[in-house]
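Observations on chain architecture
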Amino acid sequence: MSRAGEQLMPTGEHARAVKAAFRNGVDAGRFDLPLPGSGRTAERFLRLAELGRQDVVLARLGEGHADALAILAELNGTADAGGRRDAWGVWAAAPTSVTASAEGADWTLTGDRPWCSGAAACNRALVTAGTPDGIQLFAVDLDQAGVDALDGTWPAVGMAASDSRTVRFADVTASPVGGPGAYTDRPGFWHGAVGVAACWYGAAVGVADTLHRAARARTLDAHAMAHLGAVAAILAAARATLQAAATRIDADPTGDAGRLAREVRAVVETAATTVLDRVGRALGAGPLCRDDQHARRVADLTVYLRQSHAEADLAQLGALAAGQEDPQW
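About the cut-offs
Residues numbered from 1 in each chain as written. Predicted model: local features only at pLDDT ≥ 70, side-chain atom pairs only at ≥ 80, totals over all residues. Heavy atoms only, no water. Phe/Tyr/Trp six-rings, centres within 6.5 Å; stacked < 30°, edge-to-face > 60°. Helix = DSSP H or I, 4+ residues; strand = E, 2+ residues; numbered from the N terminus. Buried < 20%, exposed > 50% of the residue type's maximum accessible area, 1.4 Å probe, protein only. Salt bridge = Lys/Arg side-chain N within 4 Å of Asp/Glu carboxyl O. Axes fitted to C-alpha atoms, helices over the stretch in contact; angles between N-to-C directions. Parallel < 35°, antiparallel > 145°, perpendicular 65-115°, else oblique. Contact = heavy atoms within 4.5 Å. Nonpolar A, V, L, I, M, F, W, Y, C, P; charged D, E, K, R; others polar. Expected span 1.5 Å × (residues − 1). Polar contact = N/O pair within 3.5 Å; in protein donor to acceptor, adjacent residues only side chain to side chain. Core = buried A, V, L, I, M, F, W, Y, C linked by side-chain atoms within 4.5 Å. Pairing = 2+ DSSP bridges.

Applying the stated criterion across every chain yields a total of six aromatic pairs. When the centroid spacing of 5.9 Å and the interplanar angle of 75° are considered together, the rings of Trp115 and Trp154 count as edge-to-face. Taken as a pair, Trp115 in strand β3 (residues 106-116) and Trp154 in the loop between β6 (147-149) and β7 (165-177) lie far apart in primary sequence, 39 residues in all. Overall, the relative accessible area of 55% leaves Trp115 in the exposed class. Arranged with centres 5.5 Å apart and planes meeting at 85°, the rings of Tyr183 and Phe189 form a pair that is edge-to-face. The class of Tyr183 is buried, set by a relative accessible area of 14%. Grouping aromatic residues by their ring pairs yields a cluster made of Tyr183, Phe189 and Trp190.

The final tally for this structure, using the stated rule, is 12 salt bridges. Arg85 serves as the salt-bridge partner of Asp27, at 3.7 Å between the closest nitrogen and oxygen. On the criterion of sequence distance, the pair formed by Asp27 in helix α1 (residues 13-28) and Arg85 in the loop between α3 (56-76) and β1 (88-91) is long-range, its members being 58 residues apart. Given the relative accessible area of 60%, Arg85 is considered exposed. A salt bridge links Glu43 to Arg40, with the nearest nitrogen and oxygen atoms 2.9 Å apart. Note on Arg40: relative accessible area 45%, which makes it partly exposed. Linked by salt bridges that have partners in common, Arg40, Glu43 and Arg47 make up one network.

Running from N to C, α3 and helix α9 (residues 292-304) cross one another at 40°; their axes reach a closest spacing of 9 Å. As far as their axial angle goes, α9 and α3 are oblique. Judged by residue contacts, Val56, Val57, Arg60 and Glu63 of α3 engage Arg297, Asp300, Leu301 and Tyr304 from α9. Residue composition of the contact of α3 with α9, grouped by class: four nonpolar, no polar and four charged.

Now for α3. The end-to-end C-alpha distance of α3, which contains 21 residues, comes to 29 Å, matching closely the 30 Å that a straight helix rising 1.5 Å per residue would cover. Of all 21 residues that make up α3, 17 are buried, and the element is covered over most of its length. At the N-terminal end of α3, a side-chain oxygen is found 3.0 Å from the backbone nitrogen of Val57, two or three residues along, and the residue is Asp55.

One finds Phe22, Trp91, Leu109 and Phe169 to be the most contacted residues of the largest nonpolar core, which totals 82 residues. Among the elements that line this core, the one with the most residues is helix α5 (residues 188-217), at 15 residues. When neighbours within four sequence positions are excluded, Phe169 is seen to be in contact with Trp91, Val98, Leu109, Thr110, Gly111, Arg113, Val127, Val140, Leu142, Gly146 and Val147. Ala68, Leu69, Val90 and Leu137 belong to the second-largest nonpolar core, a separate cluster that totals 11 residues.

Now for helix α2 (residues 41-54). Compared with the 20 Å implied by 1.5 Å per residue over 14 residues, the 20 Å span of α2 between its first and last C-alpha is a close match. Of the surrounding elements, those touching the buried residues of α2 are α3, α5, α6 (222-251) and α9.

With that settled, consider the environment of Val98. Looking at the secondary structure, you find Val98 in strand β2 (residues 98-103). Residue classification places Val98 among the buried residues on the basis of a relative accessible area of 0%. Considered as a pair, Val98 and Arg113 are 15 residues apart in the sequence and their alpha carbons are 6.3 Å apart. If we skip the residues at most four places from it in the chain, Val98 touches Leu109, Thr110, Gly111, Asp112, Arg113, Thr128, Ala129, Gly130 and Phe169.

As paired strands, β2 and β3 are joined by six bridges and run antiparallel to one another. Residue pairing in the sheet places Val98 in a bridge with Gly111 of β3. Counting the residues in the hairpin turn of β2 and β3 gives two residues, including Gly104, whose phi is positive at 70°. With seven bridges joining them, β3 and β7 adopt antiparallel strand pairing. Note that in β7 the partner of Arg113 across the bridge is Val167.

Let us look at unusual backbone geometry. Even without being glycine, Trp115 reaches a positive phi, approximately 60°. Even without a glycine there, the phi angle at Asp163 is positive, about 50°. In this fold, Asp163 is placed in the loop between β6 and β7. In this structure Asp163 comes out as buried when scored by relative accessible area, which is 4%.

This is the structure in structure tokens:
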């Protein structure tokens, strides 16, 4: 795979630190989480939230690796395909931007895939591609010839260190993971969507930590204290929503969790957006201009939340609610 080495994009101490933390975490098994629906889903979500609170970008990469292991376990019957030392990504955005061709039992991938988080940190990835029978998932060794992470395709500020460049595949050997449609049809697709919300929640807690530290260090005015109270309340609601979702997933691990995932993501996105707004209103521009960690966390979370499809997701949730004769609110 084409890598820029010391000229890794984006450059900077944080990008290098996140890449090292991710690879070290993979080697140590830090992202080998309990599988969703295994009876320990709450622990899985808690550990993802802890990652988000520590660093938003590290949570994004760690969640991708953990999701890849869960997908492999669900579709291939193993949770450690390739070995623990493989750093996985799940690159499924714009699923038809890459096409897969078969010659006998051998498959190759061709095309440009955008939004590849950890483009230079991962050495294996699960990649969706178009086939004559529909969208199918493939496992790809990223160190082979023909895989090129394109420079200049991630000029981001928020989530800059995720290095989510466009990756070009040129007749790259790949192995199918499940059949056509299996990636999105499996129950775990929606469990993974809730896992992303757990990362959002943890990142929002990290933003709230700045306001909490300020309240402990000095006397805040009544308005700032009211913002802190509101932040505490809405984070409690988001945490309870995630815990309830974990219980429901464990109780019915093969059931359709589509509506549940949309509800959880909407609740957590609202909570995170509220935290960003209230912490900013309580503390003003100071932390955004003088606290590089807080400013980066705010920028990273703002971008990460846009993995949600906003009103499009809410419209789908509304359609599901409207279809119920007696909705359980």
